[in-house]
Amino acid sequence: MSPTVAGVVAVLDELYPPATAAAWDKVGLVLGEPAAPVRSILCVVDVVPETVAEAADRGVDMIVSHHPLLLRGVSSVAPTTYAGRIVHDLIRAGIALHVAHTNADVAVDGVNEALADLLGLGFLRPFRPDGLGRVGTLPAPLRLADLVRHVAATLPATAWGVRATGDPEQIVTTLAVASGSGSDCLPMAAGAGADAILTSDVKHHYASEHVAAGGPAVIEAAHWATEWPWLPRVAGLLAAKLDVETFVSTVRTDPWTLHSTGAE
Ligand SMILES: [Zn+2]
């Protein structure tokens, strides 16, 4: 028998307890009738018009998103606003929306752990006991240049790929991962004994100062690409625990869609 929206939320809250989300975060059920049946679920990184259209095309009853649709204070969901348009489209299509964000980052079956697993890291541990990030050991030591290629070949492709700081010949044994915006995690990766850290959204000055201080090499991929590996994980867990069909979004929601080095 199909679960209800409330039943799906209960399973998600067990996997990703809302109390473990950051104080500033907004997680949980965004819209949808708790008693409505859920036969199918689409898992996405971003709730944007393209993934809402994907959900409607697939005819799913619910979206599980990593990024919140309504993170900042909202005084209107008029359809003339960006988020309000999405709210209206979801309600009209009868699609519920649930968000698991920073609570999914820190969880055992969460975003960082899914990223680390995809890269084959072993002996995983968080940067700090609160569950932030993950540090692990590569199956075999790799030159930084080879690791960058491994990351690019393993993560879902984006227009601009993967870039890194550091000596290409440096041997990396221990890799830290911080899915999404991980600038704040650079000192923690150093403290955790990592040779390199994979993250995204690192500002120029952060990267420069970190490298100058002798910190671990920084490997930067698209924010979306570092979080996407969680989608098959949560989709698989929901399908295993509930009588639902689950789908992983195939829409690439990385906003950076063009890249050139001027040489091609
Ligand atoms: Zn993110």
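Residues numbered from 1 in each chain as written. Predicted model: local features only at pLDDT ≥ 70, side-chain atom pairs only at ≥ 80, totals over all residues. Heavy atoms only, no water.

A. Region of the structure containing the environment of Tyr206. One can find Tyr206 in helix H8 (residues 204–212). Along the primary structure Tyr206 and Gly136 are separated by 70 residues, whereas in three dimensions their C-alpha atoms are 23 Å apart. Among residues more than four places away in sequence, those in contact with Tyr206 are Ser183, Asp184 and Leu186. (Helix = DSSP H or I, 4+ residues; strand = E, 2+ residues; numbered from the N terminus. Contact = heavy atoms within 4.5 Å.)

B. View of the coordination of the zinc ion. Listed as protein donors to the zinc ion are His67 (NE2), His223 (NE2), Glu227 (OE) and Glu227 (OE); their distances from the metal cover 2.0 to 2.4 Å. Angles of 56 to 129° at the metal separate the 4 donor atoms of the zinc ion, which places the site in the irregular class. Along the chain, the residues donating to the zinc ion fall in the pattern H-x155-H-x3-E. Residue His67 is located in the loop between strand S3 (62–65) and helix H3 (82–93), and its partner Glu227 is located in helix H9 (residues 223–227); the two are separated by 160 residues in the primary sequence. Just as His67 is buried, Glu227 falls in that class too. (Donors = N, O, S within 2.8 Å, 3.2 Å for Na, K, Ca; no water. Tetrahedral: all angles 85-135°; square planar, octahedral: opposite > 155°, others 65-115°. Buried < 20%, exposed > 50% of the residue type's maximum accessible area, 1.4 Å probe, protein only.)

C. Structural context of the side chain of Ser249. Checked against the element boundaries, Ser249 lands in the segment after strand S11 (245–248). In terms of polar contacts, Ser249 uses its side chain to reach the side chain of Glu54, at 2.6 Å. Once residues lying within four places of it in the same chain are set aside, the contact partners of Ser249 are Leu42, Cys43, Val44, Thr51, Glu54, Trp228 and Leu231. (Polar contact = N/O pair within 3.5 Å; in protein donor to acceptor, adjacent residues only side chain to side chain.)

D. How the structure looks around the environment of Ala213. Along the chain, Ala213 falls in the loop between H8 and strand S10 (217–220). Counting along the chain gives 26 residues from Ala213 to Pro187, while the straight-line C-alpha distance between them is 10.0 Å.

E. Region of the structure containing the nonpolar core. Tyr16, Ile41, Leu175, Trp230 and Leu238 are the most contacted members of the largest nonpolar core, which has 49 residues in total. For this core, the domains that each give at least three residues are domain 1 (5–104) and domain 2 (108–222). Among all residues touching Trp230, those that are not within four sequence positions of it are Tyr16, Val64, Ser65, His66, Ala100, Ala104, Asp109, Gly110, Val111 and Ala114. Among the nonpolar cores identified, the runner-up in size contains 16 residues, and Val47, Ile63, Leu69 and Leu97 belong to it. (Core = buried A, V, L, I, M, F, W, Y, C linked by side-chain atoms within 4.5 Å. Domains from an automatic or database assignment.)

F. Region of the structure containing the layout of surface pockets. By volume, the largest pocket is sized at about 510 Å³. Forming the walls of the largest pocket are 23 residues, and the residues nearest its centre are Trp24, Thr102, Asp105, Leu132 and Ser181. Looking at the lining of the largest pocket, the elements that each hand over two or more residues are helix H4 (102–106), strand S8 (171–181) and H9. Estimates place the volume of the second largest pocket at around 440 Å³. Forming the boundary of the second largest pocket are 19 residues, of which Pro68, Leu69, Leu70, Leu71 and Arg72 lie nearest the centre. (1 Å grid on protein atoms, 1.4 Å probe; cavity = no way out; pocket = protein on both sides within 12 Å on 5 of 7 lines; lining within 4 Å. Points joined across faces, edges and corners; volume = space filled by probe spheres on them.)

G. Quick look at the environment of Trp224. Along the chain, Trp224 turns up in helix H9. Sequence separation between Trp224 and Val177 is 47 residues, and the spatial gap between their C-alpha atoms is 14 Å. Not counting the four nearest positions on each side in its chain, Trp224 is found in contact with Val45, Asp46, Pro156, Ala157, Thr158, Val251, Arg252, Thr253 and Asp254.

H. The domain arrangement of the protein chain, seen in detail. The domains assigned to the protein chain are domain 1 (5–104) and domain 2 (108–222). Between domain 1 and domain 2, the C-alpha centre-to-centre distance is 29 Å.

I. Focus on the sheet that holds strand S5 (residues 122–125). A sheet is described by the order of its strands in space; here 6 strands give the open sequence S5-S6-S8-S9-S10-S7, paired in mixed fashion. What marks the edges here is a single partner per strand, and that holds for S5 and strand S7 (163–164). Examined bridge by bridge, S8 and strand S9 (residues 196–200) share 4 bridges and lie parallel to one another. Of the residues in S9, the one forming a bridge with Leu175 is Ala196. Contacts between helix H5 (residues 111–118) and the sheet are confined to S5, strand S6 (134–143), S8 and S9, with S8 contributing the most and set at about 145° to the helix. (Pairing = 2+ DSSP bridges. Axes fitted to C-alpha atoms, helices over the stretch in contact; angles between N-to-C directions.)

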